[in-house]
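Examination of the molecular architecture
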Amino acid sequence: MADATRVLEPERWGGIQEGGRGAAPADASLAALAGRRGLLYGAATKERTLRNDPQFAAAFARECAILVPEYELKWSKLRPGPDRYDFGSADRLASFARAHGMRMRGHTLVWHKALPVWFDEKVTRDNAERILRDHIDTVVRRYAGAIHSWDVVNEAVRLEDRLPGRLRRSPWYDRLGPDYIRIAFEAAAKADPNARLVYNDYGVDYATRSEGRKREAVYGLLQNLVSTGTPIHALGIQSHLRGWERRFDPLELQSFLRAVAELGLEVYVTELDVSDQRLPATIAERDAIVARVYEEYLEAVLDVPQVRLVMTWGLSDRYTWLTEHRPRPDGQPVRPLPLDAELQAKPAWRAMARAFSSAADRGGV
Ligand code: G3I
């Protein structure tokens, strides 16, 4: 396996990249098609996947202009101990991005999940702010200049918790109250004044009562952050879509995104995928429905000029969190992403290509 680890070192890229081109649909790539409209397209991936699957690494390098670590910049990976950091995997992803002239996103500095096992015992009301500031300062400074944008705070809104501002009862909220959000953004801005700072959340896509109320709550949080001068530059909408969901109203979603843009914020689609968990069994039928959802959603959001970035949460059905988290009842492999498990373009790839090509030009990225 020692040789395989070298696959992430720049000098190895030539051969692998040429080897991967055979799988390319025509000579276009989603990165190139998006780039022609001043959009950035990329995907989430894991360092271990790129290291162990050179064919996938080549497809990733071909299709993506930006990468986001699916796991490697989370506390549970970065922080093996209260006084220890392990940047190995994240550094290798950063060198992969650099070796391919790719940008890189940071995900995520503050989340209620993926906290290290020592967190509950070691982080108290008294030391939480110091620990949070130290973490953000150390991590953001390390990658300063290399990160396009940081998901500073992830999923801080949860209607069901009925807290003021509809905030989530998270380990950070319990220790610092709502101020943890401002603290995190200010610490990130100090550590890397050039990175765009993002609030990231899910469940704001559909014309349902609960997602409508979540849009209101997220908008309220953003309005509060902007009005109090918190350094925030964009809203990240995760966009984990459901292929069977009919309640999608492009105008309602666009109205929300335009209101966010009115606050002076950009909008990033940060984790796009389309679950086929409850779709019919035949692959052709499933793929067609998934493609239609991609195209309809992207046409809707790309109609808003402040939407500047589209990331899928994974690139190929070979590696998706949905295999484990949204498996099909019939046990068939899930098919939520633009490339199939053999790294071939699916109808979803072509749907994304059409949506990028028909988007208005945003100018420079
Ligand atoms: O790497 C370790 C491995 O060494 C260990 O043997 C194994 C034992 O469980 O765990 C491995 O780490 C796993 C990691 O993914 C890397 O594969 C973690 O357990 C697992 O919890 C982690 O899951 C990730 C999850 O976030 C939690 O961090 C998923 O891959 C990732 O797709 C998912 O992504 C989230 C976004 O961050 C936020 N939005 C929702 C999205 C989907 O849940």
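Please read these numbers as outputs of a predicted model, since none were measured by experiment.

Considering unusual backbone geometry
Excluding glycine, most residues fall at negative phi; most peptide bonds, likewise, are trans. At the junction of His107 and Thr108, the peptide bond is cis and its omega measures out at -5° in the coordinates. Tracing the sequence through the fold places Thr108 in strand 3 (residues 103-110). We note that Arg162 has phi near 55°; this positive angle belongs to a residue other than glycine. Note on placement: Arg162 falls in the loop between strand 4 (149-154) and helix 10 (171-176). You will see that Leu343, though not glycine, has its phi angle at about 65°, which is positive. Here Leu343 shows up in the loop between helix 15 (322-325) and helix 16 (347-357). Residue Leu343 is classed as buried on the basis of its relative accessible area of 3%.

As for the packing of aromatic side chains
This structure, assessed with the given rule, holds 12 aromatic pairs. Each ring, one from Phe56 and one from Phe60, has its centre 6.0 Å from the other, and the planes form 50°; the classification is tilted. With Phe56 and Phe60 both in helix 5 (residues 54-63), this residue pair falls four residues apart, about one helical turn. Here the two residues Phe56 and Phe60 agree in accessibility, since each one is buried. Taken together, the aromatic side chains of Phe56, Phe60, Phe96 and Tyr319 make up a single cluster linked through ring pairs.

Comments concerning the environment of Lys46
Along the chain, Lys46 turns up in the loop between strand 1 (40-45) and helix 4 (47-52). Residues Lys46 and Ser210 lie 164 residues apart in sequence; the distance between their C-alpha atoms is 32 Å. Among all residues touching Lys46, those that are not within four sequence positions of it are Glu70, Glu72 and Leu93.

Side note on the packing of helix 9 (residues 128-142) against helix 11 (residues 179-191)
Close contact between helix 9 and helix 11 brings their axes to 9 Å; oriented N to C, the two are set at 30°. As for how helix 9 packs across helix 11, the hand of that crossing is right-handed. Contacts between helix 9 and helix 11 involve Glu129, Leu132, Arg133, Ile136, Asp137, Val140 and Arg141 from the first element and Tyr180, Ile183, Ala184, Ala187, Ala188, Lys190 and Ala191 from the second. Taken together, the residues that form the contact of helix 9 with helix 11 break down as nine nonpolar, no polar and five charged.

Section: the site of the ligand
Close contacts around the ligand come from 15 residues, with Lys46, Glu70, Lys74, His107 and Glu271 the closest. Separating a nitrogen atom of the ligand from a side-chain N or O atom of Glu155 is a distance of 3.3 Å. The side chain of Trp313 places a nitrogen or oxygen atom 2.9 Å from an oxygen atom of the ligand. Its free accessible area being 790 Å², the ligand has 59% of it covered by the protein chains. By residue class, the composition of the shell around the ligand is five nonpolar, four polar and six charged.

Let's talk about the confidence of the model for the protein chain
Averaged over every residue, the pLDDT of the protein chain is 93; residues scoring 70 or more account for 92%. In the model, residues 1-26 has pLDDT below 50 throughout and makes 39 contacts with residues more than four positions away in sequence or in other chains.

Considering the pairing of strand 9 (residues 307-312)
Here strand 9 lies mainly inside the structure; six of its six residues are buried. Where strand 1 meets strand 9, four bridges bridge the pair, whose relative direction is parallel. The residue of strand 9 that forms the bridge with Tyr41 is Val310. Relative to strand 9, strand 8 (residues 266-275) runs parallel, the two being bridged by four bridges. Paired with Val267 across the two strands is Val307, which belongs to strand 9.

Description of the pattern of salt bridges
Using the criterion set out here, one finds 28 salt bridges in the structure. Put simply, Arg308 and Glu266 hold a salt bridge, and the shortest N to O gap is 3.7 Å. Separated by 42 residues along the polypeptide, Arg308 in strand 9 and Glu266 in strand 8 bring together distant segments of the chain. You can call Arg308 buried: its relative accessible area is 18%. One network of salt bridges, with partners in common, ties together Glu211, Arg242, Glu245 and Arg247.

Observations regarding the side chain of Asp287
Of note, Asp287 is situated in helix 14 (residues 283-302). The buried category is assigned to Asp287, whose relative accessible area is 8%. Sequence-distant contacts of Asp287, defined by excluding residues within four places in its chain, comprise Arg335, Lys346 and Pro347.

Remarks on helix 7 (residues 88-99)
Along its 12 residues, helix 7 runs 16 Å from first to last C-alpha, staying within 8% of the 16 Å computed at 1.5 Å per residue. Directly after helix 7, the chain includes Gly101, whose backbone phi takes a positive value near 60°.

The rules we used
Residues numbered from 1 in each chain as written. Predicted model: local features only at pLDDT ≥ 70, side-chain atom pairs only at ≥ 80, totals over all residues. Heavy atoms only, no water. Helix = DSSP H or I, 4+ residues; strand = E, 2+ residues; numbered from the N terminus. Buried < 20%, exposed > 50% of the residue type's maximum accessible area, 1.4 Å probe, protein only. Phe/Tyr/Trp six-rings, centres within 6.5 Å; stacked < 30°, edge-to-face > 60°. Contact = heavy atoms within 4.5 Å. Axes fitted to C-alpha atoms, helices over the stretch in contact; angles between N-to-C directions. Left-handed = near helix turned anticlockwise from the far one by under 90°. Nonpolar A, V, L, I, M, F, W, Y, C, P; charged D, E, K, R; others polar. Near = heavy atom within 4 Å. Polar contact = N/O pair within 3.5 Å; in protein donor to acceptor, adjacent residues only side chain to side chain. Areas by Shrake-Rupley, 256 points an atom, 1.4 Å probe, with all protein chains shown as cover. pLDDT = per-residue confidence, 0-100. Pairing = 2+ DSSP bridges. Salt bridge = Lys/Arg side-chain N within 4 Å of Asp/Glu carboxyl O. Expected span 1.5 Å × (residues − 1).

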